[in-house]
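Remarks on the overall topology
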Amino acid sequence: MEKMHPVRFVALGYLFYMLVGGLLLWTPLTHSAGSVSLLDALFTSTSAVSTTGLVTVSTGNDYNLFGQIIILALIQIGGIGYMTFGSFIVLSHSGKLSDRRQQIGSSIFSMPSGFQLDTFIKHVIAFTLITETLGALALFFTFVRAGLPHPAWSAVFHSISAFCTAGFGLYDNSFESLRDNTACNVILSVLSYMGAIGFIVSLDVWHRIIRKSSAITLTTKVILTTTAWISIAAMVFFFFGEPSIQPLPLNKRIMAAVFQVMTSITTVGFNTLPIGGLSPASLFLIILLMVIGASPSGTGGGLKTTTFTALLGVVKSVIAGRLEVLFWGRAIPIERIRVAMASLVFYVMSLITGCYLLALTENSPFEGLLFEAASALGTVGLSTGITAALTSVGKMIIIVLMYLGRLGPLVFGMALFLPSKKKTHKAMEDLAI
Amino acid sequence: MLKRLINGLNYLIGPLAILGFFLLLFEQTDLMRAHPILVRQINLSILGLFALDIILSWLASREGLRYLKTHWIDLIVFVPLILFIGVRGSREGSVLLSQTAILVMLLARMQHVHKLITLLRFKPAQLMLMSFASVIGFGTALLMQPAATAAGNHTDLAGAIFTATSATCVTGLIVYDTATHFTLFGQTVILALIQVGGLGIMTFSMSLALLMRRGVSMKNQSIMQDVLYQDTMMSMHRLVKFIIIMTFLLEAAGATALFFSWRQHFDNDLQAAWVSVFHSVSAFCNAGFSIFSSNLVWFKHDLPVNAIIGGLVVLGGIGFVVIGDFYEAFKNKLKRRRGPKYKFRIQSRLALNLTGVLILAGTGLFYWIEQHRLLADMPTDRALLVSLFQSITTRTAGFNTCDIGALQPATLFILILFMFVGGCPGGTAGGIKLTTPAVLWAVIRAGFNRREEVELYRRTIPVEVIQKAVMVLCSSLLFVCGATVLLAVFEQKEFMAVLFETVSAFGTVGLSTGLTPELSLPGRILIILLMFIGRLGPLTIGFAFMLRRIRPGKYRYAEERIMIG
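Attention here is on the structure that accompanies the text. Small disclaimer: the values here were computed from a predicted structure and weren't measured.

1. Describing the nonpolar core
With 234 residues, the main nonpolar core has Phe238(A), Ile194(B), Trp262(B) and Ile309(B) as its most contacted residues. Here this core takes 14 residues from helix 13 (residues 334-361) of chain A, the largest share from any one element. With residues up to four places along the chain from it excluded, the contact list for Ile194(B) reads Ala167(B), Val170(B), Val281(B), Ser282(B), Cys285(B), Ala287(B) and Phe289(B). Counting residues in hydrophobic clusters, the runner-up holds 22 residues, among them Phe120(A), Leu148(A), Phe175(A) and Met262(A).

2. A short note on helix 19 (residues 435-448) of chain B
With 14 residues, helix 19 of chain B extends 20 Å between its outermost C-alpha atoms, agreeing within 8% with the 20 Å of an ideal straight helix rising 1.5 Å per residue. Packed against the buried residues of helix 19 of chain B are helix 13 of chain A together with helix 16 (346-370), strand 1 (455-456) and helix 20 (463-491) of chain B. Arg450(B), located one to two residues past helix 19 of chain B, shows a positive phi value of around 50°.

3. Remarks on the pattern of salt bridges
Between side chains of opposite charge, a pair can form as their charged atoms come close. Scanning all chains against the criterion turns up 7 salt bridges over all chains. When the shortest N-O distance is used, the salt bridge between Lys395(A) and Asp40(A) registers 2.9 Å. Here Asp40(A) lies in helix 2 (residues 38-49) and Lys395(A) lies in helix 15 (residues 392-417), a separation of 355 residues in the sequence. As far as burial versus exposure is concerned, Lys395(A) and Asp40(A) are alike and both buried. Put simply, Arg524(B) and Asp156(B) hold a salt bridge, and the shortest N to O gap is 3.8 Å. Of this pair, Arg524(B) sits in helix 22 (residues 521-545) while Asp156(B) is found in the loop between helix 7 (124-144) and helix 8 (157-168), placing the two residues 368 residues apart along the sequence. What makes Asp156(B) partly exposed here is its relative accessible area of 32%. One connected set of salt bridges, linked through shared partners, spans Arg179(A), Asp180(A) and Lys252(A).

4. Brief notes about the side chain of Ser231(A)
All names here are of chain A. Tracing the sequence through the fold places Ser231 in helix 9 (residues 218-241). You can call Ser231 buried: its relative accessible area is 4%. The contact partners of Ser231, leaving out residues within four places of it in the chain, are Tyr193, Val261 and Ile265.

5. Thoughts on the packing of helix 13 of chain A against helix 14 (residues 366-377) of chain A
Residue and element names in this part refer to chain A. The N-to-C vectors of helix 13 and helix 14 enclose an angle of 135°; their axes lie 9 Å apart at closest approach. Of the possible angle classes, the one that applies to helix 13 and helix 14 is oblique. The hand of the helix 13/helix 14 crossing is right-handed. From helix 13, Tyr347, Ser350, Leu351, Cys355, Leu358 and Ala359 reach across to helix 14, where they touch Phe366, Leu369, Leu370, Ala373, Ala374 and Leu377. A per-class count over the contact of helix 13 with helix 14 returns 11 nonpolar, 1 polar and no charged.

6. Notes on the packing of aromatic side chains
One pass over the structure, following the stated rule, counts 24 aromatic pairs over all chains. Judged by centre distance (5.9 Å) and plane angle (50°), the rings of Phe292(B) and Trp298(B) are tilted. Classification of Trp298(B) as exposed rests on a relative accessible area of 66%. Through successive ring pairs, a cluster of aromatic residues spans Phe143(A), Tyr171(A), Phe175(A) and Phe270(A). A cation over an aromatic ring shows up here: Arg253(A) above the ring of Phe239(A), its NZ or CZ 4.2 Å from the ring centre.

Procedures and definitions
Residues numbered from 1 in each chain as written. Chains lettered and ligands numbered in written order. Predicted model: local features only at pLDDT ≥ 70, side-chain atom pairs only at ≥ 80, totals over all residues. Heavy atoms only, no water. Core = buried A, V, L, I, M, F, W, Y, C linked by side-chain atoms within 4.5 Å. Buried < 20%, exposed > 50% of the residue type's maximum accessible area, 1.4 Å probe, protein only. Helix = DSSP H or I, 4+ residues; strand = E, 2+ residues; numbered from the N terminus. Contact = heavy atoms within 4.5 Å. Expected span 1.5 Å × (residues − 1). Salt bridge = Lys/Arg side-chain N within 4 Å of Asp/Glu carboxyl O. Axes fitted to C-alpha atoms, helices over the stretch in contact; angles between N-to-C directions. Parallel < 35°, antiparallel > 145°, perpendicular 65-115°, else oblique. Left-handed = near helix turned anticlockwise from the far one by under 90°. Nonpolar A, V, L, I, M, F, W, Y, C, P; charged D, E, K, R; others polar. Phe/Tyr/Trp six-rings, centres within 6.5 Å; stacked < 30°, edge-to-face > 60°. Lys NZ or Arg CZ within 6 Å of the ring centre and 35° of its normal.

What follows is the structure, encoded as C-alpha cells:
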C-alpha cells in the first residue's frame, strides 16, 4: 500500500467504494424487492460516492431507511475523502507544508507516523461534522415549520447532502415545493458554498475574521473573488434572461435566480425550479457554470475556479504581451499554466466524447444530453429529467463521466503535487505568500 | 489663436471626410430617402465646417488673392453650399452637381485622413481591424444602392451589413438568397468583397509573420508574433505579389474547370462563365457563397464539380505556407536534379498531416452516422462522395450538398467541432486553426512524458507559442459560449440550431440549419460581430483593443504557485 502510486490509490479507492456501495444498494435489504436493478444500484452508488446526485431511481421512495443510510454514508465518504485530498494538495502548494514535505520525501502516503496528516484529517472531519450538525439543526426547525414528514431524518440527510455538494434529496422534485421558503434557501446555500469552497478557505476566512492572521493566502483570494464574481454575474443574467421566473414577485424571483446559480456553481444539484422547464439560454448558462464548477479545496466538482482564473490570466498576459502570468501582482509558474491547460483539454474532451456518445445512444433533445453530460462530469446532479429514461448504455456512459469528473481534477492536482522525475526549480518553490 | 483653431479643425476633418463619403454613398438608398431633412442638415453642417476651415486658412495665410490662386480647388466647397442654401427643391441637375462637387472636395481632403492615421500611430492589428471594417462599410453602401437589389425585393440596413460582413469575412451565412435577391451588380459586389476579404486575410497574416521575422520593432513584437515563422527571405512585396498571383492563377484554373463541367447546364456560355467564376472565387476564399438558391445540393452526385470545389476549398484553407513550400520544392526540383531535398517547414507538415486526418475522420464519422438516415437511399459510392464533400467544406468553406437541417444531432455535433477547429493559419480558413490543438496536444504529451520542453516534430515550441495557443482556445470558447447564451435569449429557438449558428459564424464557415434568415435584429447584430471577431481572430482583436503600449518590464514580480484542478 505504501508503495502504491497515489493516483492509482485514489482511483482504485473510489472504484472500491463504488462497487461495494453498488452491491449493498442492490441487495433487497435496502429497497422493496425487485425495484432496483444492479445497474441502477451501481449508478446510485457512483452518483453518491462522486457526490453528484443524478438518480435513476427515487431515493425517497424506492429505497428504505437502510438504503438511504448507505447512500448518505457513501456521500459522506466521498465528500470528506475528496476534501482531504484536495485540501492537502492546496496546502502543499501554498507553501505551508513545504519544509515538512522535504522531510517526508516523495509520496504523501509514506508520511512517517502520520503526525501532521493525522491532525489535518481530524480537523477536516471535525469541521465537516460541526458544519453539518449546525446545518441539520437549522434545517430541522425549518422543516418542522414547513410541516414536512420526518423532519429530523430529512434535515440530517439534506444537510450532509448539501455540504458534500451531492444534491441527493429525499423528495422527487428536489426543493421545488420549498422554492419560496427563505430559511431553507439560505441554509442550503450557505452549506453548499461552505462545502464548495472547502476547509482550507473557510479556515483562512475564519482566521481573518478573528484576526489571528492579517493576510489571506493567494489561493483563498482567487477562490473567493472568482466564485463571487461568477455567481453575481450569472445571477444577474439568470434574473433577466429566464422567462419562466418573470411572473414571480421580485423577492421570489431574486431568490429563485440566486438558488439556481448557487446550485450550479457549487455543483450541489438541488433545484427549486423545474430544470426541464428552463429556456435553452438558461440551460446553457447553467452548463457553463457546471463546467467551471467549484473550488479545489472543497467537495464540489467541475473544472475548478482556480483553473478558470489561471486560464483567464493567460489570455490577459498574452494580450498585454507579457510572458509571465500575473495574479494580483504575483507571477504563476509556467507548469501551473500547463496543468491548467491540460485539465481544460481533458475536461472538454471528456464532455465532448460523453455528449457525442449520448447523442448516439439516446433519443432525447440535444441540449438535455449536453446538460446531462456536463452535470455528470461536473458531479452536479441537475437534470432536465431524462436520467431515469436513459438506456443502459447511456447510464453506463454517465457512470463513467461521474467517475472521471471526480477523479480527473484530483489526478491533475496530484500530477502537480508529486515531484517530477526531473528536478524542479527550487527557487520558485518556497516563496512566501 | 487662429492657428490653434485651424489645428483643432484639422483633427475633425479626417473623420468628417469619411463620414461625408459614406453619406454620399448612402444618399440614394431608401434609408436616407426616409429622412431627407436630416441628411440635408448633416450635409450642410459638414460642408459648413469645410468652408470654415478654408476661410480660416485663408485668413491665417495673409497672402490674399495669391492664396486663392494656389488653392483654387478648395473653392469648390462653395458650389454645393450655395446650391444647398439657395435651391430649396431638389432638382436633378443641382443634386448631381452638388454631389460631384462634394466628391471632388472629399478626395482633395483625403490627405487629412492619411494624416489622422499616421498621427494616431496605429498598431498592425488595429490597422487590420479598421481596414476590414471599412471594406465592410463600403460594401454595405454598395449593397444598399437600388441597383444592387433585384426588382420587388428590399434590402434593409442590417441585412446589407450582414451580407457585406459575411462576404468580407468569407463566412457565407446569408439572410437574403444571393441568387434571387441581388442583381448581377449586387452579386458582383459580393464577389468583390469575398475576393478582397480573402486576399486581405491571407496577405495580412503572412505579412505580419514576415514583419515579425525581420524584427521590425522589438516593442511590437508580440503583435507580430501571432502567425508563423517565415524562414525564406522573400521580401514583403514579393510575398504579397506571390500570394495575389497564386490566388488568381488557382481561381482561374478552378473557374475554367468548373466552366467545362457546367457548360451543358446553361443556355449561354456567358452565364456559365459567370457562375463558374463566382463559385471558384467563393470556394478558394472559403466563403461558401453560392448563386444557386439551394447551394450545391443539385450537384451532390456530380464528381467533377465536387472534386473541383473541394480541391479549391482545401487549397484555400491549407494556407500559403504550404503552397509556398510546394512552390519552393517544385522550383528546387527544376533547378537541380540532385542535391538535398527541399525540407518542408513544421507548419506545412503539420497542416498537411492534420488536414488529411481530419478530412478522412470527418468523412468516416459523417458516413457512419448518416448511412441509414439521410444517405439511406443512395448507393455507397455516392453516399461517400456526399460525406467527403461535407467533411472538406465544413471546416470553414460552408458549401453544402445535403440539407444541414435534416442531419442527426450527433452529426451536427461533429460538424460543430469541425467548424470550431477550422483550417490552417496563413490561408482563408477560420476557426481556432489546426495548429492550436496540435500545440496543446504537444503540451499534454510533454506532461505525460514528464519533459520540460514541449516538442513537435523534433522542434521545441517556445513558451509564447504555448501561451498563445491557450489564449486562442480559451478566448474562442468564451466568445462562442457567451454568444450562444445571448443568441439563445434573443432567438428562443432549438438549442442545437443556435449553437450551430454561433460556431458557424465564429469559424467563418457559413453552414446553417436554416436559422439565419429568421434571426431577429439583435441576433443579426450578434452574428455580425461574431463573424468579424472570428475572422480577425482573438489575438488580433485582443491586440487591437489593448490600449496600453507594451513596455519591457523594469522589474519582475515574485513567482507564486496557484493550485489548479
